[in-house]
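Below are the chains, spelled out letter by letter.
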Amino acid sequence: MPVMRPPTPAPSPRPASPPPETTSLVSSFAQFTSPPFSASINEFQSLSHSSRQDYLATLIAHCTARELFFISTRIAPLLKRDFLTDLPVELALHILSFIDHPRTLARVARVSRGWHALAQDERAWCGLASAYHFDSELHGPHEPAADEYDALGSPQLHLPHSLGLPRLPQPPRPLQATQSSQALFRYAWSTLINWKRGGRCLRSHRIPTLDPDSGVVTSAALDADWLIAGLANNRIQVFSTHTGALVRTLVGHELGVWAVDLVSRGGALDPAHPPPPPPAHHGGGIPEVPSDGPGLLQHNRAPAGSHIVDPQGLDHLLSSSMRAALALDVPHPPPGSQLPSGESPRSDVSGATRGWGQPGALVVSGSCDKDVRVWDLRTGLTLYVLRGHTSTVRCLKVLHNRPIAVSGSRDGTLRVWDVQRGRMLRVLSGHAGSVRSLDVCGNRVVSGSYDCSCRLWDVDTGECLQEFRGHFNQIYTVAFDGDIVASGGLDTTVRVWDAHTGRCIAMLQGHTALVCSLQLAPHTLITGGADGRVLAFALPDLRVHTRIAAHDSSVTALQFDEHFLVTGGNDGRVRLFDAGSGAYVRDVVIQCETVWKVVFRREVCAVMCRRAGKTTVEIWSFRPGEGRGPREMVRVAPEVCI
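Just so we're clear, the structure is a prediction, and the values are computed from it rather than from any experiment.

Rules and cut-offs
- Residues numbered from 1 in each chain as written.
- Predicted model: local features only at pLDDT ≥ 70, side-chain atom pairs only at ≥ 80, totals over all residues.
- Heavy atoms only, no water.
- Patch = residues over 30% accessible without salt bridge, like charges linked within 9 Å, V, L, I, M, F, W, Y side chains within 5 Å.
- Areas by Shrake-Rupley, 256 points an atom, 1.4 Å probe, with all protein chains shown as cover.
- Salt bridge = Lys/Arg side-chain N within 4 Å of Asp/Glu carboxyl O.
- Lys, Arg positive; Asp, Glu negative; His and termini not counted.
- Charge placed at Lys NZ, Arg CZ, Asp CG, Glu CD.
- Helix = DSSP H or I, 4+ residues; strand = E, 2+ residues; numbered from the N terminus.
- Axes fitted to C-alpha atoms, helices over the stretch in contact; angles between N-to-C directions.
- Left-handed = near helix turned anticlockwise from the far one by under 90°.
- Contact = heavy atoms within 4.5 Å.
- Nonpolar A, V, L, I, M, F, W, Y, C, P; charged D, E, K, R; others polar.
- Buried < 20%, exposed > 50% of the residue type's maximum accessible area, 1.4 Å probe, protein only.
- Arc of directions from axis to C-beta.
- Polar contact = N/O pair within 3.5 Å; in protein donor to acceptor, adjacent residues only side chain to side chain.
- Pairing = 2+ DSSP bridges.
- Core = buried A, V, L, I, M, F, W, Y, C linked by side-chain atoms within 4.5 Å.

A.B. asks: Hey, could you run me through a positive patch on the surface in this one?
C.D. replies: On the surface, Arg103, Arg107, Arg110, Lys196 and Arg197 cluster together to form a positively charged patch. Secondary-structure elements contributing two or more residues to the positive patch are α7 (102-108) and α12 (181-197). Along the chain, the position of Arg107 falls in helix α7.

A.B. asks: Which parts of the structure should I look at to understand the packing of helix α9 (residues 122-131) against α12?
C.D. replies: For any two helices packed against each other, the geometry comes down to the angle between their axes and how far apart the axes lie. The N-to-C vectors of α9 and α12 enclose an angle of 35°; their axes lie 8 Å apart at closest approach. Between α9 and α12 the crossing geometry is left-handed. Note on element contacts: α12 touches α9 through Ser181, Gln182 and Phe185, opposite Glu122, Trp125, Cys126, Leu128 and Ala129. Of the residues in the contact of α9 with α12, the class split is five nonpolar, two polar and one charged.

A.B. asks: Just checking my understanding: could you explain α9 for this structure?
C.D. replies: Since the α-helix advances by 3.6 residues per turn, residues separated by three or four positions end up pointing in the same direction. Of the residues making up α9, those classed as buried are Ala124, Trp125, Leu128 and Ala129. Angularly, the buried residues of α9 cover 130° about the axis, an arc narrow enough to put them on a single face. Looking at the packing, one finds that the buried side of α9 touches α7, α8 (113-119) and α12. Sitting at the head of α9, Asp121 places a side-chain oxygen 2.8 Å from the backbone nitrogen of Arg123. Positive phi shows up at His133, right after α9, with a value of about 60°.

A.B. asks: So what exactly am I meant to see when it comes to the side chain of Thr546 here?
C.D. replies: Turning to its location among the elements, Thr546 is positioned in strand β31 (residues 543-549). Within the structure, the side chain of Thr546 is placed 2.8 Å from the side chain of His545, a separation counted as a polar contact. Other than its neighbours up to four places away in sequence, Thr546 contacts Val534, Leu535, Ala536, Ser581 and Gly582.

A.B. asks: Before we go on, may I ask you to explain the sheet that holds strand β33 (residues 564-569) in this structure?
C.D. replies: On the basis of which strands lie adjacent, the open sheet formed by four strands has the order β32-β33-β34-β35 and antiparallel pairing. The sheet terminates laterally at β32 (555-560) and β35 (584-587), the two strands that pair on one side only. Looking at each pair of strands side by side, their axes are set apart by 20° on average, direction ignored. Note that strand β34 (residues 574-578) and β35 share three bridges and pair antiparallel. The partner of Phe577 across the bridge, within β35, is Tyr584. With respect to the sheet, α12 is in contact with β33, β34 and β35, its orientation differing from that of β35 by roughly 70°.

A.B. asks: Before we go on, may I ask you to explain the nonpolar core in this structure?
C.D. replies: Where a protein is soluble and globular, its nonpolar side chains tend to be buried together. The biggest cluster of nonpolar side chains holds 37 residues, and the ones touching the most others in it are Trp195, Val574, Val598, Cys605 and Val607. Among the elements that make up this core, the one with the highest residue count is α12 (four residues). Not counting residues up to four positions away in its chain, the partners in contact with Val607 are Val574, Val589, Val595, Lys597, Val598, Thr616, Val617 and Glu618.

A.B. asks: What am I meant to see in unusual backbone geometry here?
C.D. replies: Backbone geometry follows two general trends: most residues other than glycine have a negative phi, and most peptide bonds adopt the trans configuration. Omega for the peptide link from Leu539 to Pro540 comes to 5°, which places this bond in the cis form. On the secondary structure map, Pro540 appears in the loop between β30 (533-538) and β31. Positive phi is not limited to glycine here, since Ala612 has a value of about 55°. Note that Ala612 resides in the loop between β37 (604-611) and β38 (614-621). Judged by its relative accessible area of 62%, Ala612 is exposed.

A.B. asks: It is not clear to me how the side chain of Ser219 should be interpreted in this structure. Could you clarify?
C.D. replies: Here Ser219 is to be found in strand β4 (residues 217-222). What makes Ser219 buried here is its relative accessible area of 7%. For Ser219, the contacting residues outside a window of four places in its chain are Ile228, Ala229, Gly230, Val257, Trp258, Ala259, Val260 and Lys597.

A.B. asks: What exactly am I supposed to notice about the pairing of strand β29 (residues 524-529) here?
C.D. replies: On a regular strand, one side chain projects to one face of the sheet and the next to the other, so that they alternate. Within β29, six of the six residues are buried, which leaves the element mostly enclosed by the surrounding structure. Of the two faces of β29, both are covered, the one formed by Thr524, Ile526 and Gly528 as well as the one formed by Leu525, Thr527 and Gly529. Counted along the chain from strand β28 (residues 515-520) to the antiparallel partner β29, the turn is three residues long. One ladder, built from five bridges, connects β29 with β30; its direction is antiparallel. Within β30, the position partnered with Thr527 by the bridge is Leu535.

Next up, the structure:
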């Protein structure tokens, strides 16, 4: 019978050995503190500072190369210092503030735990966001909002059921100011990268028309929530910038719409320019209209469906929901209060205007039927029909934080309207030809006319402050920043004027055809012409620093910000350039037949063009995580009956 061997017992556990570096240090310390060396160490410690240095120098002189290498490997770790961690936090963050690229800051965070903690500090990301001009209100993400009326603390208002009009879905609102600077920068930086490489077409709308000419998109306006497109077939289309859906068609104009302005919800009334006092109504009915007198304004103003002529305004005839939409019963801020700092008085190049405290967005439009209409975007109702022009309303602007609109017409006049109370305030006469273009800054407006002149007006008094003459042909476009007026026209030149003295500062040449687009920024003037060229001039020396052959035919759209320049042309291309260097980045959309309008802001770009013979409105999103690139399949919405 075989005998089984007993199992071998497991080895006894041993004490955990320290890391090699610790072992070597401990052994070295034990070696040098052993009795043979204790006398030498005690003698060394008793020496003065200078004697210690002499002792060490003599000892090193007697060492071999191998021993010197051993000494250096022992000394090098002892001399290392983490300069950022050893410094006070304020100085360390000040050093990090000189980092001008997020990739560098991300590498700093990988060095050590101490550096990672510094790189996560809000002050480091706040400085980086400021360097890239990222603003929480303009570049931050949005979150779904509760009802706009509830957000303002007023009760929910409903229209009568007989109107049968559905309300628009509530748009998102900006995140609160508690959003971290790091989250803001990550979102804005991802959006910036998407502009260069990605993006997704939210929706492409093909709008059926009776003939190609009636489907031309003549005007557009864009804010954070809505895109407004005015068409030559007398319709106004309203799209959501968050979903790309067509949510409303505004019907009321009898002829083509040539000018639109979008008044964004919220905002605050400018206390420096309180609205004109409402007229006193006696008897509770329709106020008396004087039959003669110099103060009588011969024009019609009425809510939708009304034909009453009332030069005193008809705001008292509006329903409660319409009055709420215009913020008529909201108390005005006291005269001593001020608007939030950082808001520019210049007009928005994307056609949007800051509101005066109304709970929803409004649209002001001008048409070939000579009317100016005020629309409530949430209900689709016409609040006012403002009549007075005797020809096509060609251009229109609304002042920031004020219910004041200025319209220019082919009748050669500008008219100033109180769009909150539905009345004309004054007529600005002086041009001998059609008023083709307007731009506003504060309470002043610049008009460009086919009579080859520009004029600067005071909106509050109606006074013509300056007249600018020098062009030899019709003026098609103007820009105004408060100090400088730029104008371009059919004579292929751009003239720059001093708004305070009326003097022509410079005549800029470079285009070989009509100058049809202008945009003026604090340090840059960019022009686009019918020759397909885009020229960038540096202010204040007004020298050309960039020449771009942007398109094969006329430039029909031009807009830029601190990062990008976007152009559209009759060649059917929408192109993206670097705003600083003018370098070509990419084509934003697939080439079409012709591009009419391009507007963008933040993470949304809208392109209005003709594609495959049909009027097409494409809404592109460049939000973080949107799409795989601009060449992905475009989702086409079903044709909508207009």
